[in-house]
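Close look at the chain arrangement
In case you want the letters, here they are:
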Amino acid sequence: MNCESAASLTVGCRLQVRIRQSNDWQMAEIVSIRKMGDKRKFYVHYEDCNKRLDEWVTEENLNLRDVQRLPCVDQTSESQEKIMLTTPKKCGRRKHRKHVKKEENSSKTTSNECDPQEGMITNSRQKKNETLVKNVEMIELGRYRIKPWYFSPYPKELCQMDCIYLCEFCLKYCKSRFCLGRHLSKCTLKHPPGNEIYRKDTISFFEIDGRKDKVYVQNLCLLSKLFLDHKLIDFAVDPFLFYVMTEFDSRGFHIVGYFSKEKISDQDYNLACVLTLPPYQRKGYGKLLIEFSYELSRCEGKTGSPEKPLSDLGLLSYRSYWTQAILEILINPNPGPNGDRPSTAINDISEITAIHSGDVIYTLKSLNLVKYFKGKHIICLNHDTIEQHRSAMKKRKIRIDSSCLRWTPKDWAK
Ligand code: ZN
């Protein structure tokens, strides 16, 4: 439809929007609308783009010539999509709830309702969309200022501040630098709580029990939600262990990233959530976290797999990790006891790498390395694959050294 003025736009409309600081236009959906004085600002989600690019735009960046509206579905069904900040529940052994879960798909509603006091143009859809709009402007964590990507349920009064100040060791959040200063004068932590189970050079891993260090782990979940999409946080963290990776310098052990893992997993999941904080991304730390998760599985004498769904960045890291770990075995197999080339059946690869056989098969297929030859499936390496692998491995400077792990697996079922 043709739309003359932005005043008639509502949440759910789709239209072309100019991507910030560019001349590129992209189809986008209006997720939220805010009234500021007599102007309106529109929070938009660009189609086929990750939600981390969602942003507030002004009217000038909207193409009003072709606006598509939602078909009017007047539903008042309760949305299942909610982010709860509750006290952790005691969980039965077999009935774990992921501490961070995928959001349920919500139905679309369009009934309008005005809320002039708030200066907001709301309808029920917009209310539901609250958790889709980034609510934290900026965080300060140690020496980094980081712009969040997604919504996280920090207290509302903190979200109105220009910046939330975090203690980089206990992850407590403060509303001002002054408050943080007061906290730091009392906070004695210089590393995450829990046990340091790995140290090599400046890299350490701390194992934290969600049942024991509840406050820390809840603060960690709040922080990580800022960078993990489509997650439902219910803060039932008891059934999880958290492995926080740090980098050491004279001031302490600084958090780089973490992964969580269920204490007991019926499906052999060895990782629930994984995150490398933005200042440390694209430096190989994501792969190091993944490599560590498989090192723990190897210690347990198990193979493991990450819980699905993975985030887009998580999936990229995993694909690349699996490819490298599997090719490493295929290209440089450890010789057998008589110096002969050992067989490399799927199960052998799986056992050596601790990567679940399903993920091994998925990776070999996606690399197009499985061929059917004389009635058998065989793995066929070509020159290009080997060369690509060698140059990729040269870039992988930091690796997990299994001799630096001080850890005995615990049987949580007991
Ligand atoms: Zn602190």
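See the structure above.
If you're wondering where the values come from, they're calculated on a predicted model, not measured in any experiment.

Quick notes on the overall build of the protein chain
From N to C terminus, the protein chain includes nine helices and 20 strands. Burial status across the protein chain gives 47% buried among its 414 residues. Here the analysis covers contacts within the protein chain between residues at least 6 apart in sequence; of these, 62% occur between residues at least 24 apart. Accessible surface, the protein chain: about 22200 Å² in total, of which carbon and sulfur atoms supply 50%.

Thoughts on the coordination of the zinc ion
Every protein donor of the zinc ion is accounted for by Cys167 (SG), Cys170 (SG), His183 (NE2) and Cys187 (SG), and the metal-donor separations fall at 2.1 to 2.3 Å. Coordination at the zinc ion is tetrahedral: its four donor atoms span angles of 96 to 120° at the metal. Along the chain, the residues that donate to the zinc ion are spaced as C-x2-C-x12-H-x3-C. With respect to burial, Cys167 and Cys170 carry one shared label: buried.

Some remarks on helix α9 (residues 383–395)
The α-helix winds at 3.6 residues per turn, so residues separated by three or four positions along the chain end up facing the same way. Between the first and last C-alpha of α9 there are 19 Å, a value that for 13 residues agrees with the 18 Å anticipated at 1.5 Å per step. Listed in full, the buried residues belonging to α9 are Thr385, His389 and Met393. Buried residues along α9 cover an arc of 65° about the axis, so they all sit on one side. In α9, those exposed residues whose orientation departs by more than 90 degrees from the buried face are His383, Asp384, Gln388, Lys394 and Lys395.

Overview of the sheet that holds strand β7 (residues 139–141)
Strand order in the open sheet formed by four strands is β8-β7-β9-β10, with mixed pairing between adjacent strands. The outermost strands of the open sheet, each flanked by one partner alone, are β8 (144–146) and β10 (173–174). In this sheet, strand β9 (residues 164–166) lies alongside β7 in parallel orientation, the contact comprising three bridges. Residue Leu141 lies in a different strand from β9, and its bridge partner there is Leu166.

Observations regarding the packing of aromatic side chains
Applying the stated criterion to the full structure yields 20 aromatic pairs. Geometrically, the ring pair formed by Tyr43 and Trp56 is edge-to-face, given 5.1 Å between the ring centres and 65° between the ring planes. Residue Tyr43 is found in strand β3 (residues 39–46), and its partner Trp56 is found in strand β4 (residues 55–58); the two are separated by 13 residues along the sequence. The exposure class assigned to Tyr43 is buried, which follows from its relative accessible area of 1%. Sitting over the face of the ring of Trp412, Lys263 holds its NZ or CZ atom 4.7 Å from the ring centroid. Sitting over the face of the ring of Trp412, Lys410 holds its NZ or CZ atom 4.3 Å from the ring centroid.

Re the side chain of Asp238
Tracing the sequence through the fold places Asp238 in the loop between β13 (231–233) and β14 (240–249). A distance of 3.4 Å separates polar atoms of two side chains, one belonging to Asp238 and the other to Lys214.

So, the environment of Tyr144
With respect to the helices and strands, the residue Tyr144 is situated in strand β8. Sequence separation between Tyr144 and Glu168 is 24 residues, and the spatial gap between their C-alpha atoms is 9.8 Å. Not counting chain neighbours up to four residues away, the residues in contact with Tyr144 comprise Ile139, Pro279 and Tyr280. Here Arg143 takes part through its side chain, which lies 3.4 Å from a polar atom of the side chain of Tyr144.

Thoughts on the side chain of Glu55
Looking at the element boundaries, Glu55 is found in strand β4. In this structure the side chain of Glu55 is engaged in a polar contact, spanning 2.5 Å, whose partner is the side chain of Tyr46.

Re the nonpolar core
Membership of the largest hydrophobic core comes to 71 residues, with the highest contact counts inside it found for Phe205, Leu223 and Phe292. The leading source of residues in this core is helix α6 (residues 312–331), at eight residues. In terms of nonpolar packing, the next biggest core, distinct from the first, is built from 16 residues, Ala6, Phe42, Tyr46 and Val57 among them.

Some thoughts on helix α3 (residues 177–184)
The set of residues buried in α3 consists of Cys179, Leu180 and His183. In an axial view of α3, the angular spread of the buried residues amounts to 100°, which keeps them on one side of the axis. In this structure, the buried side of α3 is in contact with β9 and β10.

Some details on the pairing of strand β15 (residues 252–262)
It is a general feature of regular strands that their side chains alternate between the two faces of the sheet. Among the 11 residues that make up β15, 11 are buried, leaving the element largely enclosed by the rest of the structure. Adjacent in sequence and paired antiparallel, β14 and β15 are bridged by two residues.

Section: the packing of α6 against α9
Two numbers describe a pair of packed helices, the interaxial angle and the distance between the axes. Viewed as axis vectors pointing N to C, α6 and α9 meet at an angle of 115°, and their least axial separation amounts to 10 Å. Pair α6 / α9 crosses with left-handed handedness. Seen from α6, the contacting residues are Gln324, Leu327, Glu328 and Ile331; seen from α9, they are Thr385, Ile386, His389, Arg390, Ala392 and Met393. Taken together, the residues of the contact of α6 with α9 break down into five nonpolar, three polar and two charged.

About the thresholds
- Residues numbered from 1 in each chain as written.
- Predicted model: local features only at pLDDT ≥ 70, side-chain atom pairs only at ≥ 80, totals over all residues.
- Heavy atoms only, no water.
- Helix = DSSP H or I, 4+ residues; strand = E, 2+ residues; numbered from the N terminus.
- Buried < 20%, exposed > 50% of the residue type's maximum accessible area, 1.4 Å probe, protein only.
- Contact = heavy atoms within 4.5 Å.
- Areas by Shrake-Rupley, 256 points an atom, 1.4 Å probe, with all protein chains shown as cover.
- Donors = N, O, S within 2.8 Å, 3.2 Å for Na, K, Ca; no water.
- Tetrahedral: all angles 85-135°; square planar, octahedral: opposite > 155°, others 65-115°.
- Expected span 1.5 Å × (residues − 1).
- Arc of directions from axis to C-beta.
- Pairing = 2+ DSSP bridges.
- Phe/Tyr/Trp six-rings, centres within 6.5 Å; stacked < 30°, edge-to-face > 60°.
- Lys NZ or Arg CZ within 6 Å of the ring centre and 35° of its normal.
- Polar contact = N/O pair within 3.5 Å; in protein donor to acceptor, adjacent residues only side chain to side chain.
- Core = buried A, V, L, I, M, F, W, Y, C linked by side-chain atoms within 4.5 Å.
- Axes fitted to C-alpha atoms, helices over the stretch in contact; angles between N-to-C directions.
- Left-handed = near helix turned anticlockwise from the far one by under 90°.
- Nonpolar A, V, L, I, M, F, W, Y, C, P; charged D, E, K, R; others polar.

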